[in-house]
Amino acid sequence: MRDNAEDDASNNGVEMRPLVPPRSSPRPVGILPHTPVDLHPRRPINQPDEELEDIALISDAETPERGSGPIGPHGVGHGGGGGGGSATPRQTVINIFISFVGAGMLGMPYAFSRSGWALGVTCLFAVSSANVYCMLLLVKTRRRLEMNGYKNIEGYGDVGRVVLGERGETLVNVCLVISQVGFATAYIIFIAANVISIFPGIGRATICYGCVPALSALVQIQDMAILSPFSLLADVANLSGTAAVFFQDFSAFHHHEIIKTYDFSSWLYVTAVAVYSLEGVGMVLPLETSCIKRDDFPKLLKWSIAGITALIATFGVCGYAAFGSHTQAPVTLNLDGGVASFVKLALCVALYLTYPVMFFPVWLVAPFSAPMRVAAVVGTASVAFAVPSFGKFLGLVGASICTLLGFIIPAVFHIKVFHHDAKGGEGGLKKWELMFDYFLVAFGVHVVFGILGTYDSFMSLVNHTDGKGVD
């Protein structure tokens, strides 16, 4: 077969490859919240005979005809993105919403109280735009690799393995694991802060380590289907609690202080929280795969994220307007009364039940023994006890690992794959695309948000500079 392919490449400049039969079972439509399901046991990727640098272009992956390109592992034309899974547009939008709306939104009012509402909204929409751009870079990169003959590229780690080899897959998976552990730790911080606000007599250590026994049992579950009911219940509690917080913001508006418009001294912090709140790059490839019409996915993603960003911005502005300079992180700490206690407990239950779902992908990459899983839970509880500020912890995770995972790595992959094609004279990067990718990696993200943002968030944690939130 290799000889025939070489003959074709020498005659026409294009390597012809045999069609790959579809899989016997389609990928499931349902996607659990905030779970990068591309973390999976290692599986082989069917790659071309030559290295990536020697592959001739089949066609331009960004503007193919529907159904063109080789049949991919799902039995559809991956190169053209014409078909995919079985999720309708409505189901895809719901999955996107569930994947991106989480606990980070509850820290946005406090972030706006530090940066000012206008600067906060501006930074949030700037992060959202860059976030969508980078997620679509991953989609384009996978399609180009599939057009070049690579198959079984289902997730972020697979792209890393093809583009950078073993080190690329390891880098992506380590970052995804750290981000998941960070999210799980933030959940315990949130739970401890809200339980203390309801029952002040309970010690923080008692709450943090009191979460360990049941969570240690739940993280032993090795079947995602068993966790699905917990995830569904968590979604209902999370959405109900968030909606209740939103409406209570209006009833709590009783102060007469003028809320500030901007404070540039906190722009790094509000940007880091925005990055955390909109982090979901690990979900984008599974979401695109599940979409019944993959050509429609970029448009669905853009409009869905635009709506989610508007929701988060409205939530942040209303929360800040309601409580002014006294806004705390999470904003639930500002709520009083019996209804407020119910809302807090509902959100605590939601995040508690989501905790084992967050850890499930970690075990797929690093299948720890039962004692090691318990140790991991104890470790997150210990970090949550040592770092009591929910808002500051969001900023640290957002500025560090989420920045690397959501912006820098996708841009590097895009340059690596498409810039090679530009050397061949067709189908490569436009000059502005190349410059913007370099901007994301070298200055816009790596230097400003990655290094300075991480340093600013870390020093805020160490020095307790703001004096607000949960300290």
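That block above? That's the structure.
Caption draft 1: Inspection of the packing of helix α3 (residues 108-115) against helix α10 (residues 267-277) at higher detail. Relative orientation of the contacting elements α3 and α10 amounts to 160°, with a least axis distance of 9 Å. For the element pair α3 / α10, the angle class is roughly antiparallel. As for how α3 packs across α10, the hand of that crossing is left-handed. Of the residues in α10, those touching α3 at Met-108, Tyr-110, Ala-111, Phe-112, Arg-114 and Ser-115 are Tyr-269, Val-270, Val-273, Ala-274 and Ser-277. Here the contact of α3 with α10 is built from residues that sort into eight nonpolar, two polar and one charged.

Caption draft 2: Broad picture of helix α13 (residues 338-365). The terminal C-alpha atoms of α13 lie 43 Å apart, and with 28 residues this matches the ideal 40 Å at 1.5 Å per residue to within 8%. Helix geometry: α13 is bent most strongly at Thr-354, by close to 30°, with proline Pro-356 lying one to four residues after it.

Caption draft 3: Here's a closer look at unusual backbone geometry. A cis amide bond links Ala-329 to the next residue, Pro-330, at an omega of 0°. With respect to the helices, strands and loops of the structure, Pro-330 is situated in the loop between α12 (297-323) and α13. A positive phi is found at Asn-152, a non-glycine position, where the angle reads about 65°. Residue classification places Asn-152 among the buried positions, given a relative accessible area of 14%.

Caption draft 4: Spotlight on the packing of aromatic side chains. This structure, assessed with the given rule, holds 13 aromatic pairs. Geometrically, the ring pair formed by Tyr-355 and Phe-359 is tilted, given 5.1 Å between the ring centres and 40° between the ring planes. Note that Tyr-355 and Phe-359 are positioned in helix α13 at a spacing of four residues, about one turn of the helix. Ring plane angle 20° and centroid distance 5.1 Å describe the contact between Phe-359 and Trp-363, whose orientation is recorded as stacked. Linking Phe-359 with Trp-363, this pair stays in helix α13, spanning four residues, or about one helical turn. Residue Phe-359 shares its accessibility class with Trp-363, and that shared class is buried. One aromatic cluster is present, formed by Tyr-355, Phe-359, Trp-363 and Phe-368 through successive ring pairs. We note Arg-114 situated over the ring of Tyr-269; from NZ or CZ to the ring centre the distance is 4.1 Å.

Reading the values: the criteria
Residues numbered from 1 in each chain as written. Predicted model: local features only at pLDDT ≥ 70, side-chain atom pairs only at ≥ 80, totals over all residues. Heavy atoms only, no water. Axes fitted to C-alpha atoms, helices over the stretch in contact; angles between N-to-C directions. Helix = DSSP H or I, 4+ residues; strand = E, 2+ residues; numbered from the N terminus. Parallel < 35°, antiparallel > 145°, perpendicular 65-115°, else oblique. Left-handed = near helix turned anticlockwise from the far one by under 90°. Contact = heavy atoms within 4.5 Å. Nonpolar A, V, L, I, M, F, W, Y, C, P; charged D, E, K, R; others polar. Expected span 1.5 Å × (residues − 1). Bend = angle between axes of the 7 residues up to and from the residue. Buried < 20%, exposed > 50% of the residue type's maximum accessible area, 1.4 Å probe, protein only. Phe/Tyr/Trp six-rings, centres within 6.5 Å; stacked < 30°, edge-to-face > 60°. Lys NZ or Arg CZ within 6 Å of the ring centre and 35° of its normal.

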